[in-house]
Amino acid sequence: MTTLKKLYDKIRSYAPDADLEIIRKAYVLSRDAHCSQRRAEGSAYILHPVAVAEILADLKLDTTTIAAALLHDTIEDTGITLDDIKSMFGKEVTFLVDAVTKLSKVEFKTKEDAQAENFRKMLLAMSKDVRVILIKFADRLHNMRTISHLSEQKQRRIANETLEIYAPLSNRLGIGFLRTEFEDLCFKTLMPDLYEDLRKKVAMHTKEQTKYINEIERLMTEKLDMAGIPGKIKGRVKHLYGIHQKMIRQKIPFEQVHDVIGFRIITDTIGHCYDILGILHSLWPLVPGRFKDFISLPKSNLYQSLHTTVAGPGGSRIEFQIRTEDMDEIAEEGIAAHWRYKDKSSGPGKNERFVNWLRELVKEISDAKEFLEAVKGEVIPDTVYVFTPNGDIQELPMNSTPVDFAYSIHTQIGHKCIGAKVDGRIVPLRYKLVSGDSVEIITSPSHTPSKDWLKFVVTQRAKSRIKQWIKTEERSKSIELGQKLTEDEFRRHGLSLSVLKSDKMAEVLKAFTHSSLEDLYVSVGYGKISPRQIANKFMPEKVEDQPEVQKKQQTKEKQSVITIKGVDNILYHVAKCCFPVPGDKIIGFITKGKGVTIHRKDCPNLERLAIDNARLIDVNWNQSADIASSARLFVEGHDKPGIIANLSALISSAEVNITFIKAHSTNDKRALIELMLEIKNRAQLTNLVNKISQMDGVLNVRR
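Keep in mind the model is a prediction, meaning the values are calculated, not measured.

Let's talk about the overall build of the protein chain
Reasoning step 1: If you tally the helices and strands in the protein chain, you get 29 helices and 20 strands.
Reasoning step 2: A buried classification covers 48% of the 703 residues belonging to the protein chain.
Reasoning step 3: The long-range share in the protein chain, meaning contacts at least 24 apart out of those at least 6 apart in sequence, stands at 64%.

As structure tokens, this is what we get:
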């Protein structure tokens, strides 16, 4: 099996005693299962799982993971079943294969839903076993390396997903080489012209760059030898996407990017890392603000290194990264390296830190799309490091506030937060924390979260805890309000409250598609159902026995202009900010105790009101209703005699009633007129607006 020779050699290089029989069996099963399949470029399909396995062998993973990689597409694309794999390879391989299998058999409304749910399942499995994500990364990397054979549309879709999710996630998990290759491959796919132009510009300077790198390497080697410090120095040109991003951030052309070259110095101890830093700063001046110590303050993905930028020979800026061999392995392989060392005493605890943030997200968010957006937010690499009053370090995303900090400590501290001190000074809750801040949270036992906090918190933990509290609190208030309104309505009609707990109530709940009386009260409190509708279910059906006032009320309800999901008789009122009329595109906003407020979908106030989408509800015009609606018009014209009389006459000729009129003139002789009209529908209103616009002296008409 010549195809496997390269894979075998890689495995033997780090695990000479590895059992390769499981690899051979997995290869044979995968090869036979995929025997009739070809990849887009025409090659045998088996070459893909072998390539994925080789990438994992480069990460020095165990034979169980590599066997799962060889089998990762068999469940989706062939007749092989999980039971087949379990009988041949056991539970561990079966779990890994199942975890990376795409959700091709699940029905979804859109491709976005399918992608989000697939991603959530993958990370849910990853929170149990990190090898799942490593197989997925290797699979995506080989697909990106061979992406040119797909259609342009598929290329862009896959590359966008890789750049938005896989590249930052691999960075969050500390796998440096994956992030840089993902980014460069996506850059080449999504912006081929920019990529090629930058590649040529970098290549033009290859000769002088090589000379410069050799000179720095020689000089630093001499200095380290003189100081008796062991170290390996390696220079490189930074990856193209990184250079491209720097050009965008700083709004400069390639010619003005001064730190294209970077050096890495690998030594044996932490003490020697700081000694080398001293040598560098004695040779060349430090560029202010460009020194970072990730050894004493590691990143959340456990990355450790000293970073410094100096003004090197010729004034060119050079970035140096100084680290030990262990640190370098973690920097390049991240969670993969930690997984390999999980049996060591320091391994498990550190390994937990990689995925604890993910487990929190999985527990808190069940909606797939919301989960995907949360992960995108969590993997952003920019972070701040702040201190608790006890001196413990807390890592938070950039732009985090004291409220984010409070929730990162404990949910109840977040809920009870009324203020904060930073370095002993009281700051607003909107204050954006910066690295080095010492934060103290001020709490009050009687305080509760504010919905306004959702406008400025950035961590998913804070957002989800606040939303959860608001949802619980609003439900509690809605139950209380709904129960009061329902009981008052029952008393008004002389109905006994005991019927609310009778067998008849089960039928009523079913009619309103609710499973409990509490849920029914919630709908009444939100205004989705009127207490009258519930009372009607317990009242005699004969209309002739009902009071005259009640008959008129029913007639009015039957003529309701608005319906919610086909249900008439809803409690609603029209928003006075936009005055929608039949024919306008509308949406309902649930107002506790007042029912549903009907807005036009283009109402400028809607975005401010609807912070919580749960309070928006689909509503429709009742086409059978024949009731005039109020509409407001603003007319601007030249202030001249007779303009109001002419305007009134035109509106009357259109058989539209004026219910209110107000007018005043401005210093520049303009007349501003506000009208309230009774309108049948949007078509009538549009026709009227057109006629008014054509009047002599009218400058503008708007709703």
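More follows now that the structure is in view.
Some thoughts on the packing of aromatic side chains
Reasoning step 1: Under the defined criterion, the tally for this structure stands at ten aromatic pairs.
Reasoning step 2: One aromatic cluster is present, formed by F137, Y166 and F182 through successive ring pairs.
Reasoning step 3: Here the guanidinium or amino end of R140 rests over the ring plane of Y166, the centre of that ring lying 4.3 Å away.

Details of the nonpolar core
Note that soluble globular proteins tend to have their nonpolar side chains buried in a common cluster.
Reasoning step 1: Residues I23, L56 and F137 are the most contacted members of the largest nonpolar core, which totals 58 residues.
Reasoning step 2: For this core, the leading source of residues is helix α9 (residues 131–145), giving eight residues.
Reasoning step 3: Excluding residues within four positions of it along the chain, L56 makes contact with L61, T65, I66, A69, L134, I135 and A138.

Looking at the packing of helix α4 (residues 63–71) against helix α7 (residues 91–100)
Reasoning step 1: Packing of α4 against α7 leaves a shortest axis separation of 9 Å and a crossing angle of 50°. What the angle tells us is that α4 and α7 run oblique. In terms of crossing hand, the pair formed by α4 and α7 is right-handed. In this structure, α4 contributes T64, T65, A68 and L71 to the contact, and α7 contributes E92, V93, L96 and V97.
Reasoning step 2: Across the contact of α4 with α7, the residue classes tally to five nonpolar, two polar and one charged.

Here's the deal with the pattern of salt bridges
Reasoning step 1: Tallied over the entire structure, the rule returns 34 salt bridges.
Reasoning step 2: A salt bridge links E54 to K6, with the nearest nitrogen and oxygen atoms 4.0 Å apart. On the criterion of sequence distance, the pair formed by E54 in helix α3 (residues 47–58) and K6 in helix α1 (residues 2–14) is long-range, its members being 48 residues apart.
Reasoning step 3: With a shortest N-O distance of 3.8 Å, R491 and E487 are connected by a salt bridge. One end of the pair is R491 and the other is E487, both in helix α22 (residues 460–492) and four residues apart, which spans about a single turn.
Reasoning step 4: Put simply, R264, R323, D328 and E332 are held in one network by salt bridges that share partners.

Quick look at the side chain of S30
Reasoning step 1: Among the structural elements, S30 can be located in helix α2 (residues 21–33).
Reasoning step 2: Reaching out from S30, the side chain makes a polar contact with the backbone oxygen of L70 at a distance of 2.8 Å.
Reasoning step 3: Each residue touching S30, except ones within four places of it in the same chain, is listed here: I46, P49, L70, L71 and T74.

Let's talk about the pairing of strand β8 (residues 417–422)
Reasoning step 1: Direction of pairing for β8 relative to strand β10 (residues 439–443): antiparallel, over a ladder of five bridges. Bridging from a neighbouring strand, C417 pairs with T443 of β10.
Reasoning step 2: Summarising the sheet, β8 and strand β9 (residues 425–427) pair through three bridges and their orientation is antiparallel. Pairing of A420 across the sheet is with V427, part of β9.

Some points on the sheet that holds strand β2 (residues 261–267)
Reasoning step 1: With mixed pairing, five strands are arranged side by side in an open sheet as β1-β2-β5-β4-β3. Because the sheet does not close on itself, it has two edges, and the strands there are β1 (232–237) and β3 (292–293).
Reasoning step 2: Direction of pairing for strand β4 (residues 306–311) relative to strand β5 (residues 317–324): antiparallel, over a ladder of six bridges. Across the sheet, the residue bridging to A311 is R317, located in β5.
Reasoning step 3: Sheet strands touched by helix α15 (residues 270–283): β2, β3, β4 and β5. Its angle to β5, the strand with the most contacts, is close to 160°.

With respect to unusual backbone geometry
Reasoning step 1: A positive phi angle, close to 55°, is found at D423, a residue other than glycine.
Reasoning step 2: Positionally, D423 belongs in the loop between β8 and β9.
Reasoning step 3: One non-glycine residue, F579, adopts positive backbone phi at about 40°.
Reasoning step 4: Assessed through its relative accessible area of 12%, F579 is described here as buried.

Brief notes about the packing of α7 against α9
Reasoning step 1: The geometry of α7 relative to α9 is characterised by a closest axis approach of 9 Å and an angle of 55° between their N-to-C directions. With respect to their mutual orientation, α7 and α9 come out oblique. Once α7 is placed against α9, the crossing between them reads as right-handed. The residues of α9 that touch α7, namely those facing E92, F95, L96, A99 and V100, are R131, V132, I135 and K136.

Brief notes about the sheet that holds strand β18 (residues 657–665)
Reasoning step 1: Pairing is antiparallel across the open sheet formed by four strands, whose spatial order is β18-β19-β17-β20. Every interior strand has two partners, whereas the edge strands, β18 and β20 (698–702), have only one. Averaged over all adjacent pairs, the angle separating strand axes in this sheet is 20°, with direction ignored.
Reasoning step 2: Here four bridges tie strand β17 (residues 629–638) to β20, and the two strands are oriented antiparallel to one another. Within β20, the residue paired with F634 across the bridge is R702.
Reasoning step 3: Of the strands in this sheet, β17, β18 and β19 (670–679) are in contact with helix α28 (residues 643–653), which crosses β19 at around 20°.
Reasoning step 4: This element, helix α29 (residues 682–693), spans β17, β19 and β20 of the sheet and lies at about 10° to β17.

Digging into the side chain of T486
Reasoning step 1: In this fold, T486 is placed in helix α22.
Reasoning step 2: Among the residues examined, T486 registers a relative accessible area of 1% and is labelled buried.
Reasoning step 3: In this structure T486 touches L500, Y521, V524, P531 and I534, once residues within four positions along its chain are discounted.

Let's talk about the confidence of the model for the protein chain
Interpretation of the predicted coordinates at a detailed level should be avoided for regions scoring low in pLDDT.
Reasoning step 1: Here the protein chain averages 81 in pLDDT, while 83% of its residues score no lower than 70.
Reasoning step 2: Taken element by element, the predicted model of the protein chain shows its lowest mean pLDDT in helix α26 (residues 548–558) (45) and its highest in α15 (94).
Reasoning step 3: Under a pLDDT of 50 for its full length, residues 342–351 has, in the predicted model, eight contacts with residues more than four places off or in other chains.

Quick notes on the rules
Every chain begins its residue count from 1, and numbering advances along the sequence as written. Predicted model: local features are reported for residues with pLDDT of at least 70 only, side-chain atom pairs are reported and counted for 80 or more only, and whole-chain, interface and lining totals are derived from all residues. To obtain the side-chain values, all non-hydrogen atoms of the structure were used and water was disregarded. Helix and strand definitions here come from DSSP, where helices need a minimum of 4 consecutive H or I residues and strands a minimum of 2 consecutive E residues; each element is numbered from the N-terminal end. Buried, partly exposed and exposed residues are distinguished by accessible area as a fraction of the type maximum, computed with a 1.4 Å probe on protein chains only: under 20%, between the cut-offs, and over 50%, respectively. Only heavy atoms enter the contact rule, under which two residues are in contact if any of them lie within 4.5 Å. The pairing test for Phe, Tyr and Trp rings, Trp by its six-membered ring, is centres within 6.5 Å, and the orientation test on the planes gives stacked under 30 degrees, edge-to-face over 60, and tilted for anything in between. Any Lys NZ or Arg CZ that is within 6 Å of a ring centre and within 35 degrees of that ring's normal is treated as a charge sitting over the ring. To qualify as a nonpolar core, a set must consist of buried Ala, Val, Leu, Ile, Met, Phe, Trp, Tyr and Cys residues joined through side-chain atoms within 4.5 Å. For every element, the axis is a line fit to its C-alpha atoms; helices are fit only across the contacting stretch, and the angle between N-to-C directions ranges from 0 to 180 degrees. For classification purposes, an angle smaller than 35 degrees is called roughly parallel, one larger than 145 roughly antiparallel, one from 65 to 115 roughly perpendicular, and anything else oblique. Handedness of each helix crossing follows the sense of rotation of the near helix against the far helix: counterclockwise by less than a right angle gives left-handed, clockwise gives right-handed. Here the term charged refers only to Asp, Glu, Lys and Arg, the term nonpolar to Ala, Val, Leu, Ile, Met, Phe, Trp, Tyr, Cys and Pro, and the term polar to all other amino acids, Gly among them. We define a salt bridge as a side-chain nitrogen of Lys or Arg found within 4 Å of a carboxyl oxygen belonging to Asp or Glu. Under this definition, polar contacts are N or O atom pairs within 3.5 Å; protein pairs additionally need one hydrogen-donor-capable and one acceptor-capable atom, and for neighbouring residues in sequence, both atoms have to be side-chain atoms. The pairing criterion is simple: DSSP has to find at least two bridges between the two strands. Confidence per residue, as judged by the predictor, is encoded in pLDDT with a range of 0 to 100.

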